[in-house]
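Each chain, letter by letter, is given below.
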Amino acid sequence: MADFGNQMRDFLEATNFGTKRGLILSEENFSGLRPSRNVAVGYEAAPDLAACLVDTIRNRFAGEELDITIYLSLRQRGSWLYSLWAHDLQRLRLVQDFETYRSHLDALPSLRTAAEAIQERLPSIDVQTQWLEEMVDREYGPGSPFAEFLGLRLSKASQLIGPTRANPRLPENTLAQMLQLNRSGLDDTELVRQKAGLIQSAQNSLTATT
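In this report, we go over the structure that sits alongside the text. Because the structure is a prediction, the values reported are computed rather than measured.

1. Things to note about the overall build of the chain
In step 1: Within the chain, the secondary structure is distributed over 9 helices and 2 strands.
In step 2: Scanning the chain from its N terminus toward the C terminus, one meets helices and strands in the order α-α-β-α-α-α-β-α-α-α-α.
In step 3: Dimensions of the chain, computed from the C-alpha atoms along their principal axes, are close to 60 × 40 × 30 Å.
In step 4: Here the chain holds 210 residues, and 31% of them are scored as buried.
In step 5: Here the contacts in the chain between residues at least 6 apart in sequence split such that 67% fall between residues at least 24 apart.
In step 6: Of the roughly 13,800 Å² of accessible surface on the chain, 49% is carried by carbon and sulfur atoms.
In step 7: Charge separation in the chain, taken as the distance between the mean sites of 22 positive and 27 negative side-chain charges, equals 5 Å.

2. Let's talk about the nonpolar core
In step 1: Core analysis: the largest hydrophobic core is formed by 43 residues, its most contacted members being Ile70, Trp85, Ile118 and Leu122.
In step 2: Sorting the residues of this core by element identifies helix H1 (2–13), helix H2 (46–60), strand S1 (69–74), helix H3 (77–91), helix H4 (98–104), helix H5 (111–121), helix H8 (172–183) and helix H9 (188–208) as the ones contributing at least two each.
In step 3: Sorting elements by how many residues they give to this core places H2 first, with 8 residues.
In step 4: In contact with isoleucine 70, not counting residues within four places along its chain, are Ala50, Val54, Ile118, Leu122, Ile125, Asp126, Val127 and Gln128.

3. A short note on the packing of H2 against H5
In step 1: Running from N to C, H2 and H5 cross one another at 45°; their axes reach a closest spacing of 8 Å. What the angle tells us is that H2 and H5 run oblique. Note on packing geometry: the crossing formed by H2 with H5 is right-handed. Contacts between H2 and H5 pair Ala46, Pro47, Asp48, Ala50 and Ala51 from the former with Ala117, Ile118 and Arg121 from the latter.
In step 2: Classifying every residue of the contact of H2 with H5 by side-chain character gives 6 nonpolar, no polar and 2 charged.

4. What about the environment of leucine 89?
In step 1: With respect to the element layout, leucine 89 can be found in helix H3.
In step 2: A relative accessible area of 0% places leucine 89 in the buried class.
In step 3: The spatial distance from the C-alpha of leucine 89 to the C-alpha of proline 142 is 24 Å, given a sequence separation of 53 residues.
In step 4: Ignoring anything within four residues of it in the chain, the contact list for leucine 89 reads Leu94, Leu175, Met178, Leu179, Asn182 and Lys195.

5. Brief notes about the environment of tryptophan 85
In step 1: Mapping tryptophan 85 onto the fold places it in helix H3.
In step 2: On the accessibility criterion, tryptophan 85 (5% relative accessible area) is buried.
In step 3: Between the C-alpha atoms of tryptophan 85 and leucine 175, which are 90 residues apart in sequence, the distance is 9.6 Å.

6. Side note on the packing of aromatic side chains
The relation between two aromatic rings is expressed through the spacing of the ring centres and the mutual angle of the planes.
In step 1: Here the structure, examined in full by the defined rule, presents 6 aromatic pairs.
In step 2: Seen in terms of ring centroids, phenylalanine 17 and phenylalanine 61 are 5.0 Å apart; in terms of plane orientation they differ by 75°. Their pairing is edge-to-face. Of the two residues, phenylalanine 17 sits in the loop between H1 and H2 while phenylalanine 61 sits in the loop between H2 and S1, which places them 44 residues apart along the sequence.
In step 3: The ring of phenylalanine 61 carries arginine 60 above its face, with NZ or CZ at 4.7 Å from the centroid.

7. A word on H2
In step 1: Look at H2: 21 Å from first C-alpha to last across 15 residues, which is about the 21 Å you get at 1.5 Å a residue.
In step 2: Every buried residue belonging to H2 is among Ala46, Pro47, Leu49, Ala50, Ala51, Cys52, Leu53, Val54, Thr56 and Ile57, and all of these are buried.

8. With respect to the side chain of threonine 174
In step 1: Relative to the helices and strands, threonine 174 is located in helix H8.
In step 2: Excluding residues that lie within four positions of it along the chain, threonine 174 makes contacts with Leu198 and Ala202.

9. Let's talk about the pattern of salt bridges
In step 1: Inspection of the entire model under this criterion finds 6 salt bridges.
In step 2: Notably, a salt bridge pairs glutamate 148 with arginine 138, separated by 2.3 Å at the nearest N-O pair. Taken together, the residues span a long stretch of sequence, with glutamate 148 in helix H6 (residues 144–149) and arginine 138 in the loop between strand S2 (126–131) and H6 at a distance of 10 residues.

The rules behind the values
Residues numbered from 1 in each chain as written. Predicted model: local features only at pLDDT ≥ 70, side-chain atom pairs only at ≥ 80, totals over all residues. Heavy atoms only, no water. Helix = DSSP H or I, 4+ residues; strand = E, 2+ residues; numbered from the N terminus. Buried < 20%, exposed > 50% of the residue type's maximum accessible area, 1.4 Å probe, protein only. Contact = heavy atoms within 4.5 Å. Areas by Shrake-Rupley, 256 points an atom, 1.4 Å probe, with all protein chains shown as cover. Lys, Arg positive; Asp, Glu negative; His and termini not counted. Charge placed at Lys NZ, Arg CZ, Asp CG, Glu CD. Core = buried A, V, L, I, M, F, W, Y, C linked by side-chain atoms within 4.5 Å. Axes fitted to C-alpha atoms, helices over the stretch in contact; angles between N-to-C directions. Parallel < 35°, antiparallel > 145°, perpendicular 65-115°, else oblique. Left-handed = near helix turned anticlockwise from the far one by under 90°. Nonpolar A, V, L, I, M, F, W, Y, C, P; charged D, E, K, R; others polar. Phe/Tyr/Trp six-rings, centres within 6.5 Å; stacked < 30°, edge-to-face > 60°. Lys NZ or Arg CZ within 6 Å of the ring centre and 35° of its normal. Expected span 1.5 Å × (residues − 1). Salt bridge = Lys/Arg side-chain N within 4 Å of Asp/Glu carboxyl O.

Take a look at the structure:
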């Protein structure tokens, strides 16, 4: 936590904000470690990290008027857990199929619970949430809350460019092949190489069809 606070302080002190410049910080890791590594507590560190971030910003702009908003994108539990499984499948030697993996995360606190814990820790801060699933068809996709938060005049807002591509999850057959590789007797170096090849092949196919 001390390292986190020190790095944020150094970043803020090195940034020239002028007289009118605002700041949007967007970083998934601000919520803490991936929940599958903290099954009993999930994003338990999120309130502490948020409080540290807010305190660091207040110290940097001591004596100035501040308007701080914390925004959190939420996902429905099924798609969220599947995303965690796919991520761990790629990064770790995970050998569980999704249903087994999911059953082991039954006690994992929800994303809504994490958001409520942040609001409880920071009652004076505006904490907003939106469901990612509800933003798919909006003009700027998951970036829509940020575009709206800017409050630009129409002449400026019309210059914003919407996302040109999505970040689709890997196909199920690719994840199935990756699971087989994780269960194989390959050494770690060869496992990483073959999984990287699978991912690249899948991404090339997705790019060719979009």
